[in-house]
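Now for the letters of each chain:
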Amino acid sequence: MTTIVREPTRYDMEVNPRSPSDVRPDAASASDPSAAHHPRQDKKSLYENVVVQFDRAADVMRLDADVRKILARTKNEIVVNFPVKMSNGRVQMFTGYRVQHNDALGPFKGGLRFHPDVDLDEVRALAAWMTWKCAVAGIPFGGAKGGVQFDPSNYSGADLERITRRFVYALGDNIGPEYDIPAPDVNTNAQIMAWILDTYASTVPPHDRQRNIHVVTGKPIEAGGSVGRDKATGQGVVYTIQHWAADRGFDLRNMTFMVQGFGNVGAWTARLLTRLGAKLVAVEDVTGAVRNPSGLDPDDLLRYARVHGGVFRYPKGEFADHIMFFQTPVDIFVPAAMENQVTAETARWLHARLVAEGANGPTDPEGDAVLRERGIDLIPDILCNSGGVIVSYFEWLQNKRSEFWELDEVDAKLYKRLTQAYQRVRDKAIELDVDWRTAAYVIALARLETVYKERGIFP
Ligand code: GLU
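Cut-offs used in this document
- The numbers attached to residues start from 1 for each chain and follow its sequence in the written order.
- The predicted nature of this model means local features are confined to residues of pLDDT at least 70 and side-chain atom pairs, given and counted, to a pLDDT of 80 or more, with totals for whole chains, interfaces and linings taken over all residues.
- To obtain the side-chain values, all non-hydrogen atoms of the structure were used and water was disregarded.
- Throughout, near means a residue has at least one heavy atom within 4 Å of the molecule or strand.
- Polar contacts, as used here, are pairs of N or O atoms within 3.5 Å; protein pairs need one atom able to donate a hydrogen and one able to accept it. Residues neighboring in sequence count only if both atoms are side-chain atoms.
- Reported accessibility uses the Shrake-Rupley method at a 1.4 Å probe radius. Residues are deemed covered only where the shown protein chains occlude them.
- Each helix is a run of H or I in the DSSP string that is no shorter than four residues. Each strand is a run of E no shorter than two, and both are numbered from the N terminus.
- Polar here means any residue other than Ala, Val, Leu, Ile, Met, Phe, Trp, Tyr, Cys and Pro, which are nonpolar, and Asp, Glu, Lys and Arg, which are charged; Gly is therefore polar.
- Buried Ala, Val, Leu, Ile, Met, Phe, Trp, Tyr and Cys residues form a nonpolar core when they are joined through side-chain atoms within 4.5 Å.
- The classification of residues rests on relative accessible area computed with a 1.4 Å probe and restricted to protein chains. Under 20% of the type maximum is buried, over 50% is exposed, and intermediate values are partly exposed.
- Whether two residues touch is decided by their heavy atoms; if any such pair falls within 4.5 Å, the residues are in contact.
- Two strands pair under a simple rule: DSSP has to find at least two bridges between them.
- Each axis is a line fitted through C-alpha atoms, and for a helix only the stretch in contact is used; angles between axes span 0 to 180 degrees, taken between their N-to-C directions.
- Salt bridge, as used here, is a side-chain nitrogen of Lys or Arg placed within 4 Å of a carboxyl oxygen of Asp or Glu.
- What sets the label is the angle itself: under 35 degrees gives roughly parallel, over 145 gives roughly antiparallel, 65 to 115 gives roughly perpendicular, and the rest give oblique.

Caption draft 1: Main features of the site of the ligand. Taken together, 14 residues surround the ligand, and among them K109, K133, P184, D185 and S392 come closest. Contact between the ligand and P184: a nitrogen atom at 2.8 Å from a main-chain N or O atom of the residue. Side-chain polar atom of S392 to an oxygen atom of the ligand: 2.6 Å apart, as the coordinates give it. Considering the ligand on its own, with 290 Å² of exposed area, one finds that the protein chains cover 94% of that surface. Contributions of two or more residues to the shell around the ligand are made by α3 (120–137) and α13 (387–401). Tallied by class, the residues present in the shell around the ligand amount to four nonpolar, five polar and five charged.

Here it is in structure tokens:
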């Protein structure tokens with residue numbers, strides 16, 4: 001099975017397997033601020049990070065050579081260039097992606113992000129991480145990821161709705177409730193999921209509409225969402241940190257932590273950990289960093305950030321630059337923003353006992369090596385932030401069964417699944433004497449290897 005590019009479907013989709021540089025948004029659309037954005041030329045390949053992590057685990061477990069060939073590649077890569085008639089009456093071109101890495105364990109699953117750095121390489125890596133994440137969590141989904149390359153902060157809500165709807169229309173039946181199920185990710189939220197649902201449902205025959213609400217998860221509650229989904233990723237991060245602290249004999253009430261990124265994951269992690277008695281001492285987001293050794297109130301900081309567009313100049317803390325932020329003495333560091341933040345350089349700045357990866361791919365392979373060498377513990381992304389997709393699975397099940405679960409039920413089920421996953425990863429790391437990322441990969445790859453052996457390769 002090699003990379004398959006699906007044929008154009010019933011809509012006006014354009015499939016484009018070429019390199020992302022061939023499909024940049026039309027730079028001539030001068031009114032488009034994002035068209036001028038060119039991802040950094042020195043941007044390291046994220047998919048290479050995945051390959052390094054994958055190879056390390058595949059070697060340790062002696063993964064079957066054929067399965068290795070299959071899993072090293074993505075299955076389908078969909079690139080769509082689509083026009084949007086903006087509220088000013090002008091047409092602007094956008095480029096969107098959906099990469100489907102693997103569906104051996106179930107339908108493709110993973111978020112959609114809106115960000116100027118979205119490109120094919122990034123989406124490939126994020127799709128592969130979803131495959132491993134769902135396999136570690138033991139939920140019946142494969143891995144996918146998508147996005148549109150633009151900066152949503154430059155657009156009105158009305159234009160975001162237009163872009164979202166036109167992107168979903170361009171994807172056509174490359175997504176579907178039993179085939180590939182998107183969800184929120186960077187800069188996308190429940191409102192955007194509601195527009196996705198509405199657009200998808202509007203393109204199927206009327207009698208099929210109600211049967212399709214599980215085409216997307218992370219929806220608003222009234223539109224078929226699950227209670228507990230909004231906080232689920234942060235809640236999962238906190239459950240794994242609680243287990244780690246218990247294993248190490250630490251009391252979270254005596255611990256300090258800092259978060260990078262104050263979006264859904266960073267803010268929920270900060271609030272939930274603070275409720276358990278841990279002290280938030282530093283936060284960094286795109287606008288800057290703020291520190292306070294006596295503790296920051298995450299609710300107050302969130303109110304401030306909503307009004308001012310970020311944490312910069314928050315009056316109840318002192319300003320810190322990027323280096324100072326990383327050098328803050330803490331027990332726990334939660335990167336909950338973008339990829340490649342913990343590198344060989346920044347990993348040396350850290351004064352932390354634990355890095356708990358709320359983001360996807362925040363640590364590059366060189367950063368991993370420094371953390372290992374310095375004896376800093378790591379709860380890897382594919383375990384640590386899996387709470388989001390686990391509750392997405394619960395939402396999908398509730399939709400299919402026309403059920404509505406209460407919050408305590410959702411939380412208890414999430415806790416149970418994450419606890420099992422955490423214990424399996426910890427025990428595997430001890431058994432094989434490997435780092436936790438490698439242990440998590442070994443668990444995921446073993447599941448995938450088993451299903452390939454059982455099902456075989458067609459024909
Ligand atoms: N975007 C989230 C992630 O990276 C959630 C994915 C989902 O719920 O499908 O895990």
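Caption draft 2: Examining the nonpolar core more closely. In this structure, W129, W132, I241, F262, V283, I332 and L445 are the most contacted members of the largest nonpolar core, which totals 91 residues. When residues in this core are grouped by element, the largest group, 11 residues, is from helix α15 (residues 436–455). Residues within four places of V283 in sequence aside, it is in contact with V259, F262, G288, A289, V290, L296, L301, V311 and F325. Residues I78, V84, F114 and L160 belong to the second largest nonpolar core, which totals 27 residues.

Caption draft 3: Quick look at the sheet that holds strand β10 (residues 318–320). In spatial order, the strands read β10-β9-β8-β7-β11-β12-β13; together these seven strands make up an open sheet with mixed pairing. Both edges of this open sheet fall to β10 and β13 (377–379), since each of them pairs with a single strand only. On average, each strand axis in the sheet is inclined to that of its neighbour by 20°, with strand direction left out of account. Judged from the two bridges that link them, strand β11 (residues 332–335) and strand β12 (residues 354–356) form a sheet pairing that is parallel. Bridging across to β12, F333 finds its partner in V355. The sheet strands contacting helix α6 (residues 229–248) are β11, β12 and β13, and the helix crosses β13 at an angle near 145°. The strands touched by helix α7 (residues 264–275) within the sheet are β7 (256–260), β8 (279–285) and β11, with β7 carrying the most contacts at an inclination of about 170°.

Caption draft 4: Spotlight on the pattern of salt bridges. Considering all chains together, one arrives at 36 salt bridges under this definition. D59 is the salt-bridge partner of R68, the closest N and O atoms lying 3.0 Å from each other. One salt bridge connects D381 with R437, and the closest N-O pair in it is separated by 3.3 Å. Of this pair, D381 sits in helix α12 (residues 381–384) while R437 sits in helix α15, placing them 56 residues apart in sequence. Comparing D381 with R437, the two get one shared label, buried. The network of salt bridges with shared partners includes R113, E122, K145, D185 and E339.

Caption draft 5: Spotlight on the packing of α7 against helix α8 (residues 298–308). The geometry of α7 relative to α8 is characterised by a closest axis approach of 9 Å and an angle of 155° between their N-to-C directions. Considered as vectors, α7 and α8 are oriented roughly antiparallel to each other. Contact residues: A267, A270, R271 and T274 in α7; P298, D299 and L302 in α8. When the residues that make up the contact of α7 with α8 are grouped by side-chain class, the tally is four nonpolar, one polar and two charged.

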